[in-house]
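# Secondary and tertiary structure notes
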Amino acid sequence: MKALVILFTVLLSFVEANASTLEIHKKKKGQTQTTNVASQVNREINRHLFNPAVMGKDVNGEAAVMLEVMPEGNLKVVTINTKNPLIQKFVEMQVKKMKIDANELVVGELFRYKLVFRTQ
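Everything numeric in this text was worked out from a predicted model, so none of it was measured.

Conventions adopted
Residues numbered from 1 in each chain as written. Predicted model: local features only at pLDDT ≥ 70, side-chain atom pairs only at ≥ 80, totals over all residues. Heavy atoms only, no water. pLDDT = per-residue confidence, 0-100. Contact = heavy atoms within 4.5 Å. Pairing = 2+ DSSP bridges. Helix = DSSP H or I, 4+ residues; strand = E, 2+ residues; numbered from the N terminus. Axes fitted to C-alpha atoms, helices over the stretch in contact; angles between N-to-C directions. Phe/Tyr/Trp six-rings, centres within 6.5 Å; stacked < 30°, edge-to-face > 60°. Buried < 20%, exposed > 50% of the residue type's maximum accessible area, 1.4 Å probe, protein only. Arc of directions from axis to C-beta. Polar contact = N/O pair within 3.5 Å; in protein donor to acceptor, adjacent residues only side chain to side chain.

### Examining the confidence of the model for the protein
Summing up the model confidence of the protein, the mean pLDDT is 76 and the portion of residues at 70 or higher is 64%. Confidence drops under pLDDT 50 across residues 20-31; counting only partners more than four residues distant or on other chains, this segment forms zero contacts.

Quick look at the structure:
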């Protein structure tokens, strides 16, 4: 009887250890997918957003931007908080050009950025 209880305990601990290992792998896969999407969004931000030159002058100001990933791989502006209307129009126009790889989409995921436009 003792041998049966010991065997049952060993099997139960083995199953529990495997279950926790599977849980860790599932979490890592989801995190890497989100990380890939975030890195792609960061690349697109760096590629498309720069200081817009208007009539030979650089624009100064800040913008708090929230972007949402759409099913087609495009990014959509959810909110833009800025005092400068030129920055708002520029950011909206540039976000329309951004696209993410369709294989790694997480539809509906939101990204927040604080963009600072300054002359250097």
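### Quick look at the sheet that holds strand 5 (residues 110-117)
Strands sit in the order 4-3-5 across an open sheet of three strands; the sheet is antiparallel. Of all strands in the sheet, those bounded by a partner on one side alone are strand 4 (75-81) and strand 5. Adjacent strand axes in the sheet meet at a mean angle of 25 degrees when their direction is disregarded. Here helix 2 (residues 85-95) sits on the sheet and contacts strand 3 (61-69), strand 4 and strand 5; the angle it forms with strand 4, its principal contact strand, is near 165 degrees.

### Describing the packing of aromatic side chains
Geometry of an aromatic ring pair is reported as the spacing of the ring centres plus the angle between the planes. One pass over the full model with this rule turns up two aromatic pairs. Taking 5.2 Å as the distance between ring centres and 70 degrees as the angle between the ring planes, the aromatic pair formed by F50 and F90 counts as edge-to-face. Of the two residues, F50 is situated in the loop between helix 1 (2-48) and strand 1 (53-54) and F90 in helix 2; the sequence distance between them amounts to 40 residues. Ring centres of F90 and F117 lie 6.4 Å apart, and the angle between their planes is 85 degrees; on these two criteria the pair is classed as edge-to-face. Of this pair, F90 sits in helix 2 while F117 sits in strand 5; the two residues are 27 residues apart in sequence, bridging distant segments of the chain. Both residues of the pair, F90 and F117, count as buried. Among the aromatic side chains, those forming a connected cluster through ring pairs are F50, F90 and F117.

### Re helix 2
For helix 2, the full list of buried residues reads I87, F90, V91, Q94 and V95. Down the axis of helix 2, the buried side of the element spans an arc of 125 degrees, and every buried residue falls inside it. Among the exposed residues of helix 2, those oriented more than 90 degrees off its buried face are P85 and K89. Capping of helix 2 at its N-terminal end is provided by N84; its side-chain oxygen lies 3.0 Å from the backbone amide nitrogen of L86.

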